[in-house]
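# Summary of the model geometry
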Amino acid sequence: KNEVEQSPQNLTAQEGEFITINCSYSVGISALHWLQQHPGGGIVSLFMLSSGKKKHGRLIATINIQEKHSSLHITASHPRDSAVYICAVLRGGADGLTFGKGTHLIIQP
Amino acid sequence: DGGITQSPKYLFRKEGQNVTLSCEQNLNHDAMYWYRQDPGQGLRLIYYSQIVNDFQKGDIAEGYSVSREKKESFPLTVTSAQKNPTAFYLCASSTNSFNEQYFGPGTRLTVT
């Protein structure tokens, strides 16, 4: 079983819809990252969080440490949000990140 | 402009040859990382370095080697011992192990 599980694996939605991507992990962590990967392969860090909630523009990330679960929300989705969204955790005491397999999001106009 | 550069973007090699992937950062970060990405799999950690002249094996270090002689540079050598070298390789850096990581644009290596 993977230490970091994301759902759904693939998601297609219409422009304007509210999007939720989920991440569950099974190990102790010191922080959780949400990353965005575009078709060319480059990765951008969206959020790093260890508790509560963070918001940046139309993106919101939440984490529940007790339940070992995090969500990434996109409000008023737009075709330019189409990308792979990756959840990654920094395990307590370890270096480097452990990654989920990613959620492939397509927003149709 | 501050950032991480990886070169080249695409690299082709014949089986049995060693190849070195470049990673340079001008963010003054102490920690640097190499990850590998295969289709349908999450990224996996190959090697990391918390400080100059020190590096540690990650989850899939076999068939790879690194050096960290300068703070700005963390080259990765894919040796002929790596059984499945064809993959997308990403380099990242952070101020330290516990901070946000910044990623380079990646190098797609194809070995035939």
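Relevant structure appears above.
What counts, and at which threshold
Residues numbered from 1 in each chain as written. Chains lettered and ligands numbered in written order. Predicted model: local features only at pLDDT ≥ 70, side-chain atom pairs only at ≥ 80, totals over all residues. Heavy atoms only, no water. Contact = heavy atoms within 4.5 Å. Buried area = accessible area lost by both parts, 1.4 Å probe. Salt bridge = Lys/Arg side-chain N within 4 Å of Asp/Glu carboxyl O. Polar contact = N/O pair within 3.5 Å; in protein donor to acceptor, adjacent residues only side chain to side chain. Helix = DSSP H or I, 4+ residues; strand = E, 2+ residues; numbered from the N terminus. Nonpolar A, V, L, I, M, F, W, Y, C, P; charged D, E, K, R; others polar. Pairing = 2+ DSSP bridges. Axes fitted to C-alpha atoms, helices over the stretch in contact; angles between N-to-C directions. Disulfide = S-S within 2.5 Å. Buried < 20%, exposed > 50% of the residue type's maximum accessible area, 1.4 Å probe, protein only. Phe/Tyr/Trp six-rings, centres within 6.5 Å; stacked < 30°, edge-to-face > 60°. Lys NZ or Arg CZ within 6 Å of the ring centre and 35° of its normal.

### Points about the interface of chain A and chain B
Between chain A and chain B, the contact holds 19 residues from the first and 22 residues from the second. Interface of chain A and chain B: buried area, both sides summed, is about 1600 Å²; carbon and sulfur atoms make up 56% of it. Contact with chain B buries area across many residues of chain A, yet Ile43(A), Asp95(A) and Phe99(A) alone supply 33% of it, more than any other trio. Linking chain A with chain B are zero salt bridges. Put simply, chain A and chain B have three residue pairs in polar contact (both at pLDDT 80 or more) between them. When residues of the side of chain A that touches chain B are traced back to their parent elements, those giving at least two are strand S4 (29-37), strand S5 (43-49) and strand S9 (83-91) of chain A. Counting residues per element, the side of chain A that touches chain B draws most heavily on S4(A), at four residues. Grouping the constituent residues of the side of chain A that touches chain B by class yields seven nonpolar, nine polar and three charged.

### Let's talk about the sheet that holds strand S8 (residues 76-78) of chain B
Residues and elements named next belong to chain B. With antiparallel pairing, the four strands of this open sheet are ordered in space as S1-S3-S8-S7. In this open sheet, the two strands that pair with only one neighbour each are strand S1 (4-7) and strand S7 (64-66). Adjacent strand axes in the sheet meet at a mean angle of 20 degrees, parallel and antiparallel pairs treated alike. Relative to strand S3 (residues 19-25), S1 runs antiparallel, the two sharing four bridges. Along S3, the bridge assignment pairs isoleucine 4 with glutamine 25.

### Things to note about the state of the cysteines
Taken as a whole and assessed by the stated rule, the structure comprises two disulfides over all chains. Linked covalently through their sulfurs, Cys23(A) and Cys87(A) form a disulfide whose S-S length is 2.0 Å. Torsion about the S-S bond of the Cys23(A) and Cys87(A) cystine: about -60 degrees, corresponding to left-handed handedness. Of this pair, Cys23(A) sits in strand S3 (residues 19-25) while Cys87(A) sits in strand S9, and the two are 64 residues apart along the sequence. Bridging Cys23(B) to Cys91(B), the disulfide has an S-S length of 1.8 Å. An S-S torsion of about -70 degrees defines the bridge between Cys23(B) and Cys91(B) as left-handed. Of the two residues, Cys23(B) is situated in strand S3 and Cys91(B) in strand S9 (residues 87-94); the sequence distance between them amounts to 68 residues. Each member of the pair Cys23(B) and Cys91(B) is classed as buried.

### Let's talk about the packing of aromatic side chains
Overall, the coordinates contain five aromatic pairs over all chains when judged by the stated rule. Summarising the aromatic geometry, the rings of Tyr47(B) and Phe55(B) are spaced 6.0 Å apart at their centres and angled 80 degrees between planes, so their arrangement reads as edge-to-face. Taking relative accessible area as the criterion, Tyr47(B) reaches 8% and is therefore assigned buried. Connected via pairs of aromatic rings, a cluster forms that spans Phe99(A), Tyr33(B), Tyr35(B) and Phe103(B). Sitting above the plane of the Phe74(B) ring, Arg68(B) keeps its charged end 6.0 Å from the centroid.

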